[in-house]
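Each chain, written out:
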Amino acid sequence: MQPGPEDEVVVETAVFRIEGLTRRYGDLLALDNATLEAGANEYISFLGPSGSGKTTLLRVIAGFETPDAGRVIFQGRDVTNVPAHERGIGFVFQNFALFPHLTVMKNVAFGLTHGKSGLSAADIDRRCREMIDMVGLSGMEDRGVDQISGGQRQRVALARTLTLRPRLVLLDEPLGALDANLRGRMRNELRAIRERLGVTFLHVTGSESEALAMGDRVVVLDRGRLIQTGTPAEVYDHPASPDVAHFLNRFNMFDGKLSGGSFTGAFGTAPAPVATRSPRDVYAVRYDRMRVLPLSARTDRPTLKARYIASEYLGSSIMSFFDAEGHVVEVEHHLSLGAPETYETRQEYLLSWNPEKAIVFGREVQ
Amino acid sequence: MESRILKPVLALYVALFLLFLYGPFVVLTILSFQQGPEGGPQFPIIEWSTYWYRQLFGLTPPSRIAPLPFGDALIRSLVLALMTMVVSTVLGVMSAQAFRRRFRGASLVFYLIVLGMMVPGVLTGLGTSLLANNIIGIERHWYTTAFATHVAYTYPFAFLVMLAILNRFDDSVEEASWSLGVDPWTTFRKVTFPLIFPGVLSAMLFAFTLSLDEFPRTLFASGRDQTLPLAIYGTFAVEIHPNIFAFGVLTTLFSFALLSVYGILMALSVRRARRLAMQEDIA
């Protein structure tokens, strides 16, 4: 549903904008004053733990739920009070929500057939076959949706939405129900499909690697607030708060105290010339920036004495776990950098890192 | 150890249950093949015959025993049951649909609806009759006052069946339809209704059968023209002949036929439901 010429069209480059969206469930604030703008042909991924409001955000944008405050503007039109079926915003569900009583073809054609497309049956048929072909399901048109695999259902869900040629598609953990192998493949396909159609995708995920891999921009949510927005590299290298660093699941985090440009924690005192303002004093070191040294080693870098627990082989890297007085510290060793050293269980080692690469948060920063 | 005692006890219980459930029907069936017109509704069987079945359809020479005056009553009861089925099922689906969202006074409305099947039938019947006669001042008929009591009685059953079905319904299928630009009414027709159809079928069956053999409410509320249960009761009051048993066997067979149709339709839509269940497993 494109806005017709009679609609009041405000010229703007953004396809989509939300302003101060707020949604309460009783005492729970699921969305707290969320504001965001998305351009045409952009891929934005939303990252947050469960309960952070990311699904609520998508549901409000789609029109399944009404916000308590704020506006949703889509293609220059305020759609805050427009019912879902008149918004023209696509939605892909985590459980796919295919119509179980219809075939693949009828699922894909559903919106064109029963909506206000005004297309002839022949046109609908042609358009759906093109789309089915594009998502690689040719030959499956007449199968029931129970006769195809999980990955194929995912494609049907996508094709069903994309035949309507929406300018904005919301994806609610669309890869969550797939196995790891398929997830990897679908990631690439999603990106390829989007680039071909020039659609804006808002992709909600609980997986930090998915968010970083897929988004042109990553938005991190926590307790209903958008706490950081940026390119994957910006978010990854400069998390805006200890919470963001925590969700990225790539950092060893130490509590302590930041004072006068140095941070004091479990590892002693380390210089911290650069720090980010935060209500909590936290010192974060990425897993792959940690080095393991023998207990006897001498270094002028900060060190932490820790006992080796176990390792996990991850294919391209090895993750080792150390216990520093009850605090688990993870060390990632990329195998491309050479064969891993072997450590002895329950033996003590020194963990060390370059303090310039640490990310420091503190109250005293202005 | 436990099952060594429990199993035989439960088996005996089930056997007794089946005996009491089907015993009367078996006796009824045997006696319906009594010789006629002299043979009475008791053992022993003088001679096996289909006399009473033929007598029902007026295929026997006239005798002392009048044919049962059931023709009109049967048609009235079937029409009434059909009307009740349609109205109760539509109401049941609509109100259960309304209960998918919480609304103010939901639990009060719930109890008010369910009350219809809890209140003693005699009271409802008598009340309706008094209301029609003394307060509103309309005549009682099976298709007006009795129809109203039948709907009040069967609607809660249809409502509860649909409530259970919609409770397990996955809302995201409807939301998916809306997000595809399909309006809520078309979504209901093309998505919701096909998926809840097994439940609708059960609600229809409940409403139809409960209405078909409803007695206490109809007794007071139906006025001059009788429905089938009333007509059967009326003949009991005079003298019982095996023709009633023959009639009972035929109506029971009719009910079984109805159940078979229900079973077939159900099996067809269960296949569909299984698809939905598979889809939910993924989620």
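Residue positions are given per chain, counting from 1 as you read along its sequence in written order. As they are written, the chains are lettered A onward and the ligands numbered 1 onward, keeping that order. Side-chain atom pairs in this predicted model are given and counted only at pLDDT of 80 or more, local residue features only at pLDDT of at least 70, and totals for whole chains, interfaces and linings cover all residues.

Enquirer: Just to check I follow, could you spell out the overall build of chain A for this structure?
Expert: Strands here mean DSSP runs of E at least two residues long; helices mean DSSP runs of H or I at least four residues long; both are numbered from the N terminus. Looking only at helices and strands, chain A has 8 helices and 21 strands in total. Considering only C-alpha atoms, chain A reaches an extent of 80 × 45 × 35 Å along its principal axes. Partly exposed residues are those whose C-beta has more than 12 but fewer than 20 other C-beta atoms within 10 Å; 20 or more makes a residue buried and 12 or fewer makes it exposed, with C-beta atoms placed from the backbone. The buried share of chain A, reckoned over its 366 residues, is 41%. We call two residues in contact whenever the C-beta atoms placed from their backbones are within 7 Å. Put simply, of all contacts in chain A between residues at least 6 apart along the chain, 66% involve residues at least 24 apart.

Enquirer: Mind showing me how you'd approach the overall build of chain B here?
Expert: A count of helical and extended segments in chain B gives 11 helices and 0 strands. What you see in chain B, going N to C, is helices and strands ordered as α-α-α-α-α-α-α-α-α-α-α. Computation of the radius of gyration draws on C-alpha atoms, with the globule rule given as 2.2 Å multiplied by the number of residues to the power 0.38. The globule rule puts the C-alpha radius of gyration for 283 residues at 19 Å, and the 24 Å found for chain B is more than 25% above it. Expressed as lengths along the three principal axes of its C-alpha atoms, the size of chain B is roughly 75 × 65 × 40 Å. Burial status across chain B gives 32% buried among its 283 residues. Within chain B, residue pairs in contact and separated by at least 24 positions form 77% of the contacts whose partners lie at least 6 positions apart.

Enquirer: I tried to follow the sheet that holds strand β17 (residues 303-313) of chain A on my own but got confused; where do I start?
Expert: Either a parallel or an antiparallel arrangement is found when strands of a sheet pair, and the pairing is made through backbone hydrogen bonds. All names here are of chain A. Pairing between strands requires that DSSP locate at least two bridges from one strand to the other. One open sheet holds the 5 strands; their spatial order is β16-β20-β17-β18-β19, and the pairing between them is antiparallel. A strand with exactly one partner marks an edge of an open sheet, and here the two such strands are β16 (291-294) and β19 (327-334). Shown here is a sheet whose adjacent strand axes are inclined to one another by a mean of 45°, direction ignored. Alignment of β16 against strand β20 (residues 348-352), held across 4 bridges, turns out to be antiparallel. Within β20, the position partnered with Arg291 by the bridge is Ser352. Helix axes are fitted to C-alpha atoms over the stretch in contact, other axes to C-alpha atoms as well, and angles between N-to-C directions run from 0 to 180 degrees.

Enquirer: When you look at the sheet that holds strand β4 (residues 69-74) of chain A in this model, what are you seeing that I'm missing?
Expert: All names here are of chain A. Here 4 strands make up an open sheet; going across it, the order is β2-β1-β4-β5 and the pairing antiparallel. Both outer strands of the open sheet, β2 (28-39) and β5 (77-78), are each paired with one neighbouring strand and no more. Relative to β2, strand β1 (residues 14-25) is paired through 8 bridges, and the arrangement is antiparallel. Bridge pairing links Phe16 to Ala38 in β2. Contacting β1, β2 and β4, helix α1 (residues 54-62) runs over the sheet at an angle of about 65° to β2.

Enquirer: Whenever I open this one, the interface of chain A and chain B confuses me. Can you help?
Expert: The parts lose accessible area when they come together, and the size of an interface is often stated as this lost area. If you look at the interface, chain A gives 30 residues, while chain B gives 26 residues. For the side of chain A that touches chain B, the secondary structure elements donating two or more residues are β6 (90-92), α2 (104-114) and α4 (150-162) of chain A. With 3 residues, the top contributor of residues to the side of chain A that touches chain B is α2 of chain A.

Enquirer: Any chance you could explain the nonpolar core here in plain terms?
Expert: Where a protein is soluble and globular, its nonpolar side chains tend to be buried together. Think of a nonpolar core as buried Ala, Val, Leu, Ile, Met, Phe, Trp, Tyr and Cys residues chained together by C-beta atoms that fall within 7 Å. Counting 129 residues, the largest nonpolar core has Ile61, Val108, Leu170 and Val360 of chain A together with Ala158 of chain B as its most contacted members. Once residues lying within four places of it in the same chain are set aside, the contact partners of Val108 of chain A are Cys128, Met131, Ile132, Val156, Ala159, Arg160 and Thr163 of chain A.

Enquirer: When you look at the packing of helix α6 (residues 145-167) of chain B against helix α8 (residues 184-212) of chain B in this model, what are you seeing that I'm missing?
Expert: Helix-helix packing: each pair is described by the crossing angle between the helix axes and the interaxial distance. All names here are of chain B. Between α6 and α8, whose axes approach to 9 Å, the crossing angle comes to 160°. Accordingly, the angle class assigned to the pair α6 and α8 is roughly antiparallel. In this structure, the crossing between α6 and α8 has a hand that is right-handed. For the pair α6 and α8, contact is made by His150, Tyr153, Thr154, Phe157, Ala158, Val161, Met162, Ile165 and Leu166 and by Ile196, Gly199, Ser202, Ala203, Phe206, Ala207, Leu210 and Ser211, respectively. Residues that form the contact of α6 with α8 fall into these classes: 12 nonpolar, 5 polar and no charged. An angle counts as roughly parallel when it lies under 35 degrees, as roughly antiparallel when it exceeds 145, as roughly perpendicular when it falls between 65 and 115, and as oblique in every other case. Working rule for handedness: look at the near helix, and if it is turned counterclockwise from the far one by less than a right angle, call the crossing left-handed; if clockwise, right-handed. Any residue outside Ala, Val, Leu, Ile, Met, Phe, Trp, Tyr, Cys, Pro, Asp, Glu, Lys and Arg is labelled polar, Gly included; the first ten of those are nonpolar and the last four are charged.

Enquirer: Honestly, the confidence of the model for chain B in this entry has me stumped. Any pointers?
Expert: Residues and elements named next belong to chain B. Here chain B shows a mean pLDDT of 85. Residues at 70 or above account for 95%. Within chain B, the element-level pLDDT minimum falls on helix α11 (residues 242-282), averaging 77, and the maximum on helix α7 (residues 171-179), averaging 93. Interface confidence for the predicted complex, given as ipTM, is 0.80, next to a pTM of 0.78. For every residue, the pLDDT score states the predictor's confidence, bounded by 0 at the bottom and 100 at the top.

Enquirer: Mind showing me how you'd approach helix α5 (residues 121-136) of chain B here?
Expert: An α-helical segment advances 3.6 residues per turn. Residues three or four places apart therefore align on the same side. Taken together, the buried positions of α5 of chain B are occupied by Thr124, Gly125, Thr128, Ser129 and Ala132 of chain B. The positive-phi residue at the C-terminal boundary of α5 of chain B is Gly137 of chain B, with phi of around 80°.

Enquirer: Mind showing me how you'd approach the domain arrangement of chain B here?
Expert: The domains assigned to chain B are domain 1 (1-65 + 241-260) and domain 2 (71-228). For the purposes of this description, domain bounds are those given by an automatic or database domain assignment. On a C-alpha basis, the centroid separation for the pair domain 1 of chain B and domain 2 of chain B is 32 Å.

Enquirer: Hey, could you run me through the pairing of strand β15 (residues 282-286) of chain A in this one?
Expert: Remark: a regular strand shows side chains that alternate across the two faces of the sheet. Residue and element names in this part refer to chain A. The element β15 is extensively covered by neighbouring structure, given that 4 of its 5 residues are classed as buried. Relative to β15, strand β11 (residues 251-259) runs antiparallel, the two being bridged by 5 bridges. Directly across from Met253, in β15, lies its bridge partner Ala284.

Enquirer: Which parts of the structure should I look at to understand unusual backbone geometry?
Expert: In terms of backbone geometry, most residues other than glycine have negative phi values and most peptide bonds are trans. Residue and element names in this part refer to chain A. A positive phi is found at Glu325, a non-glycine position, where the angle reads about 50°. Residue placement: Glu325 occurs in the loop between β18 (317-324) and β19. Positive phi, close to 70°, is recorded for Arg346, a residue that is not glycine. By the element assignment, Arg346 lies in the loop between β19 and β20. Note on Arg346: 9 C-beta atoms within 10 Å, which makes it exposed.

Enquirer: Sorry if this is basic, but what is going on with the confidence of the model for chain A here?
Expert: Low-pLDDT stretches of the model should not have their predicted coordinates read in fine detail. For chain A, the mean per-residue pLDDT works out to 86, and 96% of the residues sit at or above 70. Residue range residues 1-12 of chain A is modelled with pLDDT below 50. Its contacts to residues more than four positions away, or to other chains, number 11 contacts.

Enquirer: Explain the environment of Ala339 of chain A here, please?
Expert: Residue and element names in this part refer to chain A. Looking at the element boundaries, Ala339 is found in the loop between β19 and β20. For Ala339, a count of 8 C-beta atoms within 10 Å gives the class exposed. Taking C-alpha positions, Ala339 is 9.8 Å from Ile318, a pair spaced 21 residues apart along the chain.

Enquirer: What am I meant to see in the packing of α2 of chain A against α4 of chain A here?
Expert: Residue and element names in this part refer to chain A. At their nearest, the axes of α2 and α4 sit 7 Å apart, and the two run at 30° to each other. In terms of their interaxial angle, α2 and α4 are classed as roughly parallel. Considering how the two elements wind past one another, α2 and α4 form a crossing that is right-handed. On α4, the residues that touch Val104, Asn107, Val108, Phe110 and Gly111 of α2 are Val156, Ala159 and Arg160. Of the residues belonging to the contact of α2 with α4, the class tally is 5 nonpolar, 2 polar and 1 charged.

Enquirer: Explain the pairing of strand β7 (residues 168-172) of chain A here, please?
Expert: All names here are of chain A. Along β7, 5 of the 5 residues are buried, which leaves the element largely enclosed by surrounding structure. Residues Leu168, Leu170 and Asp172 of β7 are buried on one face, and the alternating residues Val169 and Leu171, pointing to the opposite face, are buried as well. Taken together, the 5 bridges between β7 and strand β8 (residues 200-205) define a ladder with parallel strand orientation. When the sheet's bridge partners are listed, Val169 is paired in β8 with Phe201.

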